[in-house]
Amino acid sequence: MLDRLEDDTYAYRQKINHYYPFHDEGEWELGKFLVENLTQMQITKFLKLKWFNDHTRPSFTTKDKLLDWMDSLPCFMEWQVSKIEFSGYKTIYPIELIWHDALDVVKQLFSDPIFANHMMFIPHHISVSNQREYGDYMSADMAWKIQDHLPIGATQVPIIMGSNKTPMHPIFITIGNINSEVRSKATLRAWRCIAYMPIVKFHVHPDYQSILQARLWHKCMDLICANLKAMAAEGCFMPDPFRFIHYVFTPLVAHVCDLPEATMIAAVAENASPLTMAMQEHFGDGILHPPHTRKHTLELLISIAKTVDPWDLDKFQKVAKALNLSGVHMPYWHDWIYACPSIFLTGEILHTCFKFFETVGAYELDTCYIAQHKRQMTGCEYRDIQCTIVASIAGAISPRFIHFTYLAQHPALSDFHTFKDTIIAAEVRKGKKGLMQSFEADTTEQLLIMHYFMEQCESMEIFDLYVLLTSWGASLDVTITNPALSWVKSVHGPRPGILSGDTLTAFQLNVTPDYESLSLAEIRTKYTLPDFDHTLTDLIHRSSLASDKHTCWDPKYGHFQVWNKFRLQLHLAFQPRVIMPSRVVQAYPPSNDFPLGNCMDGNISMCVPCSAAAIRSRTLV
C-alpha cells in the first residue's frame, strides 16, 4: 500500500529534501503544529507576529500557502468529480458527485498494516459454557451461509456502510474483517469517506422533489459501488496486511443510518417499516411481521415497470405508493448479490429501543408520555424516561422488551460504570462550555464530527511515515503500528501476578497477603469450609497427574498465604487479541457484619497448569 507514495508527483524532490515542500524538519513540525492546533484565523495572526521581524520567517508566509502545501502531501487516492444528469429534469445548479471508487478504498483498508493485528478472515463459532455467543459479523450465521456459497478457500470482505443526511451528506465505508473494538472508534480511521452526495433541487412540482432526490441518491451509490457489486459476484484478488493474497468476495452486510434514510434505502413508503411488512397502523401490535425481503421489493418494482414508464413520475409514484413503495425504481442494492434491506439495515440502541418504544403499547401509555413531555425530546428527556419506563409499561407489553433493551447495551454500561469514578475524579464531567462532549449513539454521527479533520491528519501521519522510512533508506515493505492503537496493548494489559499455563488468564494479587501464614485447619475454621482439606488435596492430585512434576502431599503440614480478594483478567471471547478489563473477585470470611461471609458468585473454569502454578506459589484465595 505504501508503495503508492513513491509514485507521488513530488517524489523526486523528496529524495533530495525529505520534507519537501517544507524547508526542513523544523519547518514541517511547525506547519503540522499550526494546522493541528490553531484555527485559520489564529494561523494568520501567528504569521503576522512582530517576532518574525527579528527572526527567520517560515517558507509559508500565509495560511493559504500552508494549507495548499498540506493538501499537496502524498495520499493514496485522489477524489473524482462526476457530473450527473437526469434526462428531461433540470436542476438549479449542476449535479456534481465527489467520490472514490469504493473498491479501491476497501482494498486499502484490507491491506492496511495498521490493522494487521486486528483482522479476521474466516467465520467462526464462539462457545462459552456450552452456549453460543455472537459478536462480530464473522461469528454470525449469515457469515457461514454466505461462506457456503463461495469457492473453497475464498475470503469474505464484509462491507459496512454508513450515511447521515446533512448539507454535505458524506457516505462512509468500512469492512467487517476489522475487529469491532477497533472499528467502532472513529479516531482510529477504520471508517473512510467515499463520497459527498449532491443535494440539489429540481425544476419540478414539489410533489416530485423527494422521489427525484431519492433516485439521484441511488444512482450515485450505484456508481460508487459498481465495482464492489461486481466483486461480490465474481471475486477478485487482494493482499492482506501481511502481503498474503486472498480471493475475496464483497457482500453488503450492514448500512448504518437513521429511520428516514432507511426507508429511502429500502425503497419503501414513509409509513412502512423498512425491515418488515408492517405498516404504521401495525406498529406496537406485538406481532412479529414477516421481513420485507429484497425479492418481494424487486418483484413489485418489476411488475410496476411492465405497465408504467418509471419516468412518468405521476403515474409511477401513484402505483408504487399503493403498494407501499417510495417510487425509487432502481435501488442501488438491486444487483448486489446477498444484499437484502431487511438484513443489512441495522438499528442501534438509542433510536431502535429508547426512542421507538414511545410508539409501542396502549393508548394510555402514549397519552401519558405526551402529557409529560410537551417540548422537543432531548437527551435529558430520554434519560428521565428511564426512571419511569418499567413501571409505565407494566401490563402494556412483554417485560422481555425491556430485558432486551438493557441487555443489548450491557457491555457499554458495564464499562461506563467501571470507569465513571475516574471521570468524576478528573473533573471532566463539565467544562467551560457545559457538559463534556458525549459519545453519539450512531457511529455515523461521530464520523460526521471528525472526518473533515481526520483526513488531513491521516495525510500528515502518512507523510511522517514516508519521511522516516526514506530518510533512513528503508524499504516501504514494512509492517507499521499506529500509535493510536496503543490502547489495545496497554490500557487493559495484565498486571504482575499468576499467569495461566495457556497465558489466557491472569490472576492479579496484592503484594501483601491478608494472612501471612495459616494452616489448613485455621483456614477451614476461619472461612467455615469443612471440606477444604479434601478439595485442596483432590486439586493437587489432579494437577500432579496432568503435569510432569509429581507432588507428595500431606494435608497435616504446611502453612499458606491467603488473600481475601484478587483481580481476574481474561481475553475477549470474540477477539482473542483484546484483553478485557480486570474484575475483582472477593471471598471474605464470616464476620459480625457478614455472618455468612462476603463472597461474589462466580464460575471460574481453571486449567490444571494454572492450578498447579497457584499451588507452587503457595497462594490461596
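Presented here is an overview of the structure given in this document. (Residues numbered from 1 in each chain as written. Predicted model: local features only at pLDDT ≥ 70, side-chain atom pairs only at ≥ 80, totals over all residues. Heavy atoms only, no water.)

### Some thoughts on the pairing of strand β9 (residues 236-239)
Residues Cys 236 and Met 238 point to one face of β9 and are all buried, whereas Phe 237 and Pro 239, pointing to the other face, are not buried. In the sheet, β9 pairs with strand β10 (residues 245-249) via 4 bridges, with the strands oriented antiparallel. Along β10, the bridge assignment pairs Cys 236 with Val 248. (Buried < 20%, exposed > 50% of the residue type's maximum accessible area, 1.4 Å probe, protein only. Helix = DSSP H or I, 4+ residues; strand = E, 2+ residues; numbered from the N terminus. Pairing = 2+ DSSP bridges.)

### Focus: the pattern of salt bridges
In total, this model carries 8 salt bridges according to the counting rule given. A salt bridge links Arg 192 to Asp 112; the nearest nitrogen and oxygen atoms lie 3.3 Å apart. Here Arg 192 is found in strand β8 (residues 192-196), whereas its partner Asp 112 is found in the loop between α5 (102-111) and β3 (126-128), with 80 residues between them in sequence. Asp 112 gets classed as buried once you look at its relative accessible area, which sits at 3%. Between Lys 229 and Asp 335 there is a salt bridge, with its nearest N and O atoms 2.9 Å apart. (Salt bridge = Lys/Arg side-chain N within 4 Å of Asp/Glu carboxyl O.)

### Digging into the nonpolar core
Core analysis: the largest hydrophobic core is formed by 73 residues, its most contacted members being Ile 159, Met 161, Tyr 332 and Trp 336. Looking at this core, the element that brings in the most residues is helix α8 (residues 209-224), giving 8 residues. Setting aside residues no more than four positions away along its own chain, Ile 159 makes contact with Val 106, Ile 173, Thr 174, Ile 175, Leu 228, Thr 250, Pro 251, Leu 252, Val 253, Ala 254 and Trp 336. One finds Met 142, Ile 160, Val 253 and Ala 254 within the second-largest nonpolar core, a separate group that totals 16 residues. (Core = buried A, V, L, I, M, F, W, Y, C linked by side-chain atoms within 4.5 Å. Contact = heavy atoms within 4.5 Å.)

### Thoughts on the environment of Leu 313
For Leu 313, the position within the fold is in helix α12 (residues 313-322). Overall, the relative accessible area of 4% leaves Leu 313 in the buried class. When the C-alpha atoms of Leu 313 and Asp 207 are compared, they prove to be 9.7 Å apart, with 106 residues separating the residues in sequence. Apart from the residues lying within four places of it in its own chain, the contact partners of Leu 313 are Tyr 89, Tyr 208, Ile 211, Leu 212 and Arg 215.

### Some thoughts on the sheet that holds strand β6 (residues 159-163)
On the basis of which strands lie adjacent, the open sheet formed by 7 strands has the order β1-β2-β8-β7-β6-β11-β12 and mixed pairing. With partners counted over all chains shown, the strands left at the sheet margins are β1 (80-84) and β12 (345-346), one partner each. Relative to strand β2 (residues 95-99), β1 is paired through 5 bridges, and the arrangement is antiparallel. From the neighbouring strand, Val 81 faces β2, where its bridge partner is Ile 98.

### Quick notes on the pairing of strand β11 (residues 252-256)
Counting buried residues along β11, 5 of its 5 residues qualify, which places the element largely inside the surrounding structure. Two elements, β6 and β11, share 4 bridges in a ladder whose sense is parallel. Bridge pairing in β11 places Ile 159 opposite Leu 252. Across 2 bridges, the pairing between β11 and β12 is parallel. Considered in β12, the bridge of His 255 is made with Leu 345.

### With respect to the sheet that holds strand β5 (residues 155-156)
As a general point, the strands of a sheet are linked pairwise by backbone hydrogen bonds and lie either parallel or antiparallel. The 3 strands lie next to each other as β5-β10-β9, forming an open sheet whose pairing is mixed. Every other strand in the sheet has two partners, leaving β5 and β9 as the edge strands with one partner each. Where α5 meets the sheet, its contacts fall on β9 and β10, and the angle it forms with β9 comes to roughly 40 degrees. (Axes fitted to C-alpha atoms, helices over the stretch in contact; angles between N-to-C directions.)

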